[in-house]
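One-letter residues, chain by chain:
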Amino acid sequence: MIIAVLTLCFALSAVSGIDKGIKYLSNANAVAAGVLALFLFVVGPTVFILSTFTESMGDYLTQLPAMSFRTGVFSTDQAWLDGWTIFYWAWWISWTPFVGMFIARISKGRTIRQFVVYVILVPSLVSFVWFSILGGAAFDLQLNQGADMAGALAQGTETALFETLREYPLSTITVALAVLLVAIFFITGADSASIVMGMLSQHGDEEPRRPLVIFWGVATGAVAAVLLWAGGLSALQTLVIIVAGPFMLILIGMCVSLMKALREETFESTLPPRVRRAVEHAQKYPDGP
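Source: prediction; values computed, not measured. (Residues numbered from 1 in each chain as written. Predicted model: local features only at pLDDT ≥ 70, side-chain atom pairs only at ≥ 80, totals over all residues. Heavy atoms only, no water.)

A. A look at the overall build of the protein chain. If you tally the helices and strands in the protein chain, you get eleven helices and zero strands. In terms of overall dimensions, the protein chain has a C-alpha envelope of 80 × 45 × 45 Å along the principal axes. Relative to its full complement of 289 residues, the protein chain shows a buried share of 29%. Counting only contacts in the protein chain whose residues sit at least 6 apart along the sequence, the fraction spanning at least 24 positions is 64%. (Helix = DSSP H or I, 4+ residues; strand = E, 2+ residues; numbered from the N terminus. Buried < 20%, exposed > 50% of the residue type's maximum accessible area, 1.4 Å probe, protein only. Contact = heavy atoms within 4.5 Å.)

B. The environment of Trp80, seen in detail. By the element assignment, Trp80 lies in helix α4 (residues 78-106). Taking relative accessible area as the criterion, Trp80 reaches 40% and is therefore assigned partly exposed. Setting aside residues up to four positions removed in sequence, Trp80 forms contacts with Arg70 and Thr85.

C. Region of the structure containing unusual backbone geometry. Backbone geometry at Leu170 places phi at a positive 55 degrees, although glycine is not the residue there. Considering the arrangement of structural elements, one finds Leu170 in the loop between α7 (157-166) and α8 (171-201).

D. Structural detail: the pattern of salt bridges. Applying the stated criterion across every chain, the model contains one salt bridge. For Arg166, the salt bridge is made with Glu163, and the minimal N-O distance between the two is 3.3 Å. In this pair, Arg166 and Glu163 both sit in helix α7, three residues apart, roughly one turn of the helix. Using a relative accessible area of 45% as the deciding quantity, one classes Arg166 as partly exposed. (Salt bridge = Lys/Arg side-chain N within 4 Å of Asp/Glu carboxyl O.)

E. Focus on the packing of α4 against α8. At a minimum axis distance of 9 Å, the contact between α4 and α8 shows a crossing angle of 85 degrees. The orientation of α4 relative to α8 falls into the category roughly perpendicular. Contact with α4, carried on its side by Trp95, Pro97, Phe98, Met101 and Phe102, involves Gly189, Ser192, Ala193, Val196, Met197, Met199 and Leu200 of α8 and no other residues of that element. Each residue belonging to the contact of α4 with α8 can be placed in one class, and the counts come to ten nonpolar, two polar and no charged. (Axes fitted to C-alpha atoms, helices over the stretch in contact; angles between N-to-C directions. Parallel < 35°, antiparallel > 145°, perpendicular 65-115°, else oblique. Nonpolar A, V, L, I, M, F, W, Y, C, P; charged D, E, K, R; others polar.)

In structure tokens:
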């Protein structure tokens, strides 16, 4: 029933278009997530959270190169790599057709610099802050407040999330807000997938027909229901890894194609529109003002 309701919501949102339903939901989601994070930062262990952010950033930057090449050949903890690192690599590779085309669709007219800053750097920084606040609040409960967060985590990550929120003031409101955030995250993610699959089904049309978008939205919900019935996350992990393997070769080819295209770009085409018009005007009227 939950999947059916969410499917209806993101189908309606996707049909309304990028500039309406999806935009409004995305903005509302960002505001709600910001409010929840700010609330926990203020009522929670603020100093501990700031320390968590600083130390975690340092650990991330120093250990990322080594962890990027880790295969577990000398380790017995292969389950961690299979369940997290390798799985999430495959997860994002399988998402690239949807995420890449959707971001390209909403980034039309932007420069590469703007794309890198607002699609990679800013979201990464926001993720660092989010994990530091939510994770720092939970760690403080475990280390300094005597709460059994490890036991809650053993029951599932969602249990740990809600147990963390219940330890702080206004827990009824924050738990409801967290449920709303999860729902909107799911809806906006499925929105982009429905629209992109509609675009692909119409040979790249940026405004796919509504019946087609609804069809792909319903199909996405049906796949989620089947995976839940077939075994939940385990079935999803297996499917993602199967799909991502062959697509990795396509990504490598796309990287090569991107480099070739950038080398063939003329200097004038890389300038901002206002500067490019000025250059064209100067070339057309060399003796003019």
